[in-house]
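The primary structure of each chain is shown beneath.
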There are 2 protein chains.
Amino acid sequence: MSRSREGYLWTPAEATEGLETAAVQSSSPKIKEHYDVIVIGAGFAGLIAARDLSRKYNLNVLLVEARDRIGGRTWTAKVLGEDLEMGGTWVHWAQPHLYAELHRYGLHRNLKTSAGTSAPVSQSFTPASGEVEDVSIPDCGSALERVAARVFSIDGLDSRALMPYPHDPLREPALWTKYDHVTVKDRLNALHDIPQRDKELFESNTNTFGSAPGKDIGFVEALRWYALGGHTFAGVMEMAGIFKIGNGGMTAFARAILEEYTGARLFNTAVSAIRNTSRGVEVTSVHGQTFTAKALISTIPLNCLGDIKFDPPLSPLRQEAVANGHINKGAKIHFKLGETLPGWFWTGDGYGDSSFLFAFSDHNGTQTSGPSGTWCIGFGYNGKLTDKKNSRHILEQFKKNIKPGADIEIYATHDWMNDPYAKGVWACWGPNSVSKYLQELQQHHGRIVFASADWADGWRGFVDGAIEQGQTAVRETLKLVEQPRPKL
Amino acid sequence: MSRSREGYLWTPAEATEGLETAAVQSSSPKIKEHYDVIVIGAGFAGLIAARDLSRKYNLNVLLVEARDRIGGRTWTAKVLGEDLEMGGTWVHWAQPHLYAELHRYGLHRNLKTSAGTSAPVSQSFTPASGEVEDVSIPDCGSALERVAARVFSIDGLDSRALMPYPHDPLREPALWTKYDHVTVKDRLNALHDIPQRDKELFESNTNTFGSAPGKDIGFVEALRWYALGGHTFAGVMEMAGIFKIGNGGMTAFARAILEEYTGARLFNTAVSAIRNTSRGVEVTSVHGQTFTAKALISTIPLNCLGDIKFDPPLSPLRQEAVANGHINKGAKIHFKLGETLPGWFWTGDGYGDSSFLFAFSDHNGTQTSGPSGTWCIGFGYNGKLTDKKNSRHILEQFKKNIKPGADIEIYATHDWMNDPYAKGVWACWGPNSVSKYLQELQQHHGRIVFASADWADGWRGFVDGAIEQGQTAVRETLKLVEQPRPKL
């Protein structure tokens, strides 16, 4: 297994930059100058589009990737014999685009669960001002359902009426658009008869949607998660946080798709400019190479699109969306604790001094002598825990807010916020954004088709959304490639 | 648009056999004798397998179909300008295999709803002994959730614990296998503290899973629907009965898949024998033609497999499963009422004399003068309403049990029970069946791969299950085709 230049591992003795992973890939030996289609980005949107355009539609495709590996904001590192998901992790059969692809490769048989979300034995909460407290799991569960049913019903309409087509939001936008200026916090503030502690628990759980306190998360964005989750809070949590892929994880999944791809591959090659020409599209890499094609699919994330020079420039509205970006700039850190603990789940209030927003145990390590230690995952609030090397702060925050006295043996992370090809984690949108930008971000720009989970219709910010976008891009690109070339 | 020889339309003035539909297709002008793969059946399992094997994997494929049309147990007839789904109808984004394919063709944008299930204004119920009664919709909804939570929790385990992987039931079969001998009725009888009327309402709604009273439906089968539905009864009903495909319906969907198929097509050709030979597989049609291939996919429904001569014979266990068949032999009848009614939903108790088990309004007709009449759909209990031409009985039962005094202008139906290529409707299993037969039915037999929604892992009996099976068959068939041929 190769070592990527990405990923970071801390132990008390030393720190390592770059972790082992099966995601590292080599470029094709020969790269031509002209292709039918160029796909930029080997995350799931790009892999799916490249696979189908090359294998199913027999087009000459070039896949260009800035990193040394496939998977984009998902990849599986091997650390002490464990598969650690450095980015996107949890999957579900109600994520249709993802599950259909998992099943196609037989990988749905490998699903496994995170112990702390599937069957927690204990739950705790750190309020804005205070120490970590135990929470009754059934009481919390029913409080979340009660509050959610109230929050997501507005002006006499329930969530099914407000968002009847959560995978096709632009179909009946009138109702939700009306509330797009509202934040989760605004909505909670408008409900005067709900106990404050129930509101706090609800908000801390909803904050997990976007690594942000409720004052920053759009009500419509939370409503979408709830509608996608089948209109129960337990459903949302199940679909977004319990099941993951065993036996090689997200990287095994990405490799299965890549294996069916029949075109050329170019890694370690970031793109600096994309130009619509009279003959098609021209791409320039940061190394100065240029490639041309009849059409191009860009899967570059929203928060990075501003780094590319587009000619002609993107529309003013899209430029505005790119400049604003999405709000999710959280952190994800894997910890191994020396203690062997039964499944636990924790949330924290974003208005206190906690840098973490939620955390849970994933599984216990095993040795021939039996269970050994607890692998767990902590998610940080936006803009916090931004220095992966500041182990003192990371350990201190974990012990203060989540598990006092924990014996942290190692931690591993991918610093997505400072990653030039991500500049954030999974997309989550604030107020006044979806109604304003979603449709524009989905438009193609000349012969450039834009595909990213960041502006997916359904599970936006998820691998499911990436695959949805990859599939849409295939359909759009086929139309562009089939168009007669303009006369010179 | 062509006319199929299938479908039946009754009006007071006349009856018509054979309805207009875009599902009718012609055979290829030239059919060879040898192929890489022969696919029997142009339902969704067969269409998906034929498409991927021909277009994606470049194999020479022959698609053989007994009917004059594509779609199998789904097709869309044109009656008085309306699209009527003669078989499988409702779809959902939480049916992953189906939704991924719908989205691939952009057809997810055409979803529409059945008025009587999405937003009923009135609900009624006909108890075993009695007249049709009005039911409070919110009271019934909460009663169904209360009873379901009790029914699907057993020995202290809830439905999530009993069936953690509803799309992969053979992964952790120990728990549900333990209860596979129990029927829905047995389970209800064991719960002594639930009001009788709540039990009756629950049973009449659960009966819709298999067109049968609770004494015939396996507890595990109902548990599976509940788990697939996200562990709420409203979820099950939403996923299985609200959304359908507009603009051409199931036939438009089937046509989109067929359009990408690049192999040969042979319609109006039923198969009589399938033989594993030393070189591959040989098929004989009822007309005496023979075709050979390296591998074969049979999508012949469970209840029809006994009509095919297999050589060597199927395993004794599979023969037993085929002889038993599945239990669902219900009827589906479209009615047009002269009255223009707001959305309504009705269920009936299977222990009374009602031939219908549930019915609801689908939509109201429109004319330039405004809304005109109500299109609705009635489902019959197993073995009842078996004579499509007995209009007196059909009308009488509808008026007695569902809508007293209704003015029925027409009805349209496909007589699936007496259809030699279906012999039933969507699969539903009784007790002691899933644990005994499911795994066996999924095995291939020499170079014959079996794919049908009837033994799908997830949404068994649904189009989603058919596509799931088609995808699995692609994977299995590729392995068989790649195997070196045995030496002669």
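- Looking at an unreviewed UniProt entry, one finds chain A named Amine oxidase, with Aspergillus puulaauensis as its source organism.
- Entered under Catalytic activity (unreviewed entry) in the UniProt record, the comment concerning chain A runs "a secondary aliphatic amine + O2 + H2O = a primary amine + an aldehyde + H2O2".
- Per UniProt, the comment on chain A under Cofactor (unreviewed entry) is "FAD".

### Concerning the nonpolar core
Here is step 1: Ranked by internal contacts, the top residues of the largest apolar core, which has 142 residues, are Ile38 and Phe202 of chain A together with Ile38, Phe202 and Ile274 of chain B.
Here is step 2: Contacts of Ile274 of chain B, omitting those with residues within four sequence positions, involve Ile40, Val281, Glu282, Leu296, Ile300, Ile308, Lys309, Phe310, Asp311 and Ile448 of chain B.

### Points about the UniProt feature "domain: Amine oxidase" (unreviewed entry) in chain A
Here is step 1: UniProt's feature table lists "domain: Amine oxidase" (unreviewed entry) at residues 44-476 of chain A, given in the numbering used throughout.
Here is step 2: Between the end C-alpha atoms of residues 44-476 of chain A there is a gap of 17 Å, over a span that is 32% helix and 23% strand.

### Looking at the UniProt feature "binding site: FAD" (unreviewed entry) in chain A
All names here are of chain A.
Here is step 1: As recorded in UniProt, the feature "binding site: FAD" (unreviewed entry) lies at Glu65, Ala66 and Val271. Spatial clustering of the annotated residues is evident: they stretch over 207 residues in sequence, but the largest pairwise C-alpha distance comes to 8.4 Å.
Here is step 2: Look at Glu65 and you get buried, because its relative accessible area is 5%.
Here is step 3: Leaving out residues up to four positions away in the same chain, Glu65 has contacts with Gly41, Ala42, Gly43, Leu266, Phe267, Asn268 and Thr269.

### Concerning the environment of Lys294 of chain B
Here is step 1: Within the element layout of this structure, Lys294 of chain B appears in strand 17 (residues 290-298).
Here is step 2: Measuring from C-alpha to C-alpha, the distance between Lys294 of chain B and Gly280 of chain B comes to 4.5 Å, with 14 residues separating the pair along the chain.

### Here we look at the domain arrangement of chain A
Residues and elements named next belong to chain A.
Here is step 1: Annotation of chain A at the domain level lists domain 1 (21-74 + 249-324 + 427-482) and domain 2 (115-241 + 331-381 + 383-416).
Here is step 2: A straight line from the C-alpha centre of domain 1 to that of domain 2 covers 31 Å.
Here is step 3: Across the boundary between the two partners, domain 1 contributes 23 residues, which contact 24 residues of domain 2.
Here is step 4: Of the roughly 1,800 Å² buried where domain 1 meets domain 2, counting both sides, 63% is carbon and sulfur surface.
Here is step 5: Ranking the residues of domain 1 by area buried against domain 2 places Cys428, Pro431 and Trp459 at the top, with a combined share of 31%.
Here is step 6: Along the contact surface separating domain 1 from domain 2 lie one salt bridge.
Here is step 7: Between Glu221 and Arg460 there is a salt bridge, with the nearest N and O atoms lying 2.9 Å from each other.
Here is step 8: At the boundary of domain 1 and domain 2, one finds eight residue pairs in polar contact (both at pLDDT 80 or more).
Here is step 9: If you tally residues by element for the side of domain 1 that touches domain 2, the top one is helix 14 (residues 434-442), at five residues.
Here is step 10: A per-class count over the side of domain 1 that touches domain 2 returns eight nonpolar, nine polar and six charged.

### Here we look at helix 8 (residues 196-206) of chain B
Here is step 1: Burial analysis of helix 8 of chain B places eight of its 11 residues in the buried class, the great majority of the element.
Here is step 2: Regarding helix 8 of chain B, the residues found buried are Asp198, Lys199, Leu201, Phe202, Glu203, Ser204, Asn205 and Thr206 of chain B.

### Side note on the packing of aromatic side chains
Working definition: an aromatic ring pair is given by the centre-to-centre distance plus the angle between the planes.
Here is step 1: Taken as a whole, this structure holds 54 aromatic pairs over all chains when the rule is applied.
Here is step 2: Where Tyr165 of chain A meets Trp93 of chain B, the ring centres are 6.4 Å apart and the plane angle is 55°; that geometry is what we call tilted. Pair noted here: Tyr165 of chain A is in the loop between helix 5 (159-162) and helix 6 (174-177) and Trp93 of chain B is in the loop between strand 9 (90-91) and helix 2 (96-104), and the two residues belong to different chains.
Here is step 3: Residue classification places Tyr165 of chain A among the buried residues on the basis of a relative accessible area of 7%.
Here is step 4: Considering the side-chain rings of Trp225 of chain B and Phe462 of chain B, the 5.2 Å spacing of their centres and the 65° angle between planes classify their relative orientation as edge-to-face. Of this pair, Trp225 of chain B sits in helix 9 (residues 219-228) while Phe462 of chain B sits in the loop between strand 24 (448-450) and helix 15 (463-482), and the two are 237 residues apart along the sequence.
Here is step 5: Since its relative accessible area comes to 4%, Trp225 of chain B is described here as buried.
Here is step 6: Here the aromatic cluster, defined as three or more aromatic residues joined through ring pairs, consists of Phe152, Tyr179, Phe202, Phe209, Phe219, Trp225, Tyr226, Phe233, Trp459 and Phe462 of chain A.

### Here's the deal with the sheet that holds strand 10 (residues 111-113) of chain A
Residue and element names in this part refer to chain A.
Here is step 1: Judged by pairing direction, the sheet is antiparallel, and its three strands sit side by side in the order 9-13-10 without closing on themselves. Each of the sheet's edge strands pairs with one partner strand only, and the pair in question is strand 9 (90-91) and strand 10.
Here is step 2: Pairing geometry for strand 9 and strand 13 (residues 243-245), over two bridges, is antiparallel. Bridge pairing links Trp90 to Lys244 in strand 13.

### Digging into the sheet that holds strand 11 (residues 122-126) of chain B
All names here are of chain B.
Here is step 1: With mixed pairing, nine strands are arranged side by side in an open sheet as 3-2-23-19-22-21-20-11-12. Each edge of the open sheet carries a strand with a single partner, namely strand 3 (15-17) and strand 12 (133-135). With direction set aside, neighbouring strand axes in the sheet form an average angle of 20°.
Here is step 2: When strand 19 (residues 331-337) meets strand 23 (residues 408-413), the two strands line up antiparallel, connected through five bridges. Bridge assignment links Leu337 to a residue of strand 23, and that residue is Ile408.
Here is step 3: Against the sheet, helix 13 (residues 391-401) touches strand 2 (8-10), strand 11, strand 19, strand 20 (344-348), strand 21 (356-367), strand 22 (370-380) and strand 23, its axis set at about 115° to strand 23.

### Description of empty space enclosed by the protein
Here is step 1: In the structure shown here, the tally under the stated rule is eight cavities of 30 Å³ or more.
Here is step 2: Here the largest cavity defines a volume of roughly 180 Å³.
Here is step 3: Gly229, Gly230 and Met239 of chain A together with Gly229 and Met239 of chain B are the residues nearest the centre of the largest cavity, which is lined by 24 residues in total.
Here is step 4: When residues of the lining of the largest cavity are traced back to their parent elements, those giving at least two are helix 9 (219-228) and helix 10 (233-241) of chain A together with helix 10 (233-241) of chain B.
Here is step 5: Along the lines of polarity and charge, the residues of the lining of the largest cavity split into eight nonpolar, 12 polar and four charged.

### Let's talk about the relation of the copies chain B and chain A
Here is step 1: The transformation that overlays chain B on chain A combines an axial shift of 0.0 Å with a rotation of 180°, and the residual RMSD is 0.0 Å. Viewed as a symmetry operation, the transformation between the two copies matches a two-fold axis. Of every C-alpha in chain B, the one belonging to Pro96 of chain B sits nearest the axis of rotation, 1.9 Å from it.
Here is step 2: With an isologous cut-off of 70% or more, the 100% of interface residues of chain B that recur at the interface of chain A puts this contact in the isologous class.

What counts as what
Residues numbered from 1 in each chain as written. Chains lettered and ligands numbered in written order. Predicted model: local features only at pLDDT ≥ 70, side-chain atom pairs only at ≥ 80, totals over all residues. Heavy atoms only, no water. UniProt positions renumbered as here; feature names shortened; annotations may be inferred. Core = buried A, V, L, I, M, F, W, Y, C linked by side-chain atoms within 4.5 Å. Buried < 20%, exposed > 50% of the residue type's maximum accessible area, 1.4 Å probe, protein only. Contact = heavy atoms within 4.5 Å. Helix = DSSP H or I, 4+ residues; strand = E, 2+ residues; numbered from the N terminus. Domains from an automatic or database assignment. Buried area = accessible area lost by both parts, 1.4 Å probe. Salt bridge = Lys/Arg side-chain N within 4 Å of Asp/Glu carboxyl O. Polar contact = N/O pair within 3.5 Å; in protein donor to acceptor, adjacent residues only side chain to side chain. Nonpolar A, V, L, I, M, F, W, Y, C, P; charged D, E, K, R; others polar. Phe/Tyr/Trp six-rings, centres within 6.5 Å; stacked < 30°, edge-to-face > 60°. Pairing = 2+ DSSP bridges. Axes fitted to C-alpha atoms, helices over the stretch in contact; angles between N-to-C directions. 1 Å grid on protein atoms, 1.4 Å probe; cavity = no way out; pocket = protein on both sides within 12 Å on 5 of 7 lines; lining within 4 Å. Points joined across faces, edges and corners; volume = space filled by probe spheres on them. Least-squares fit on C-alpha atoms with pLDDT ≥ 70 in both.

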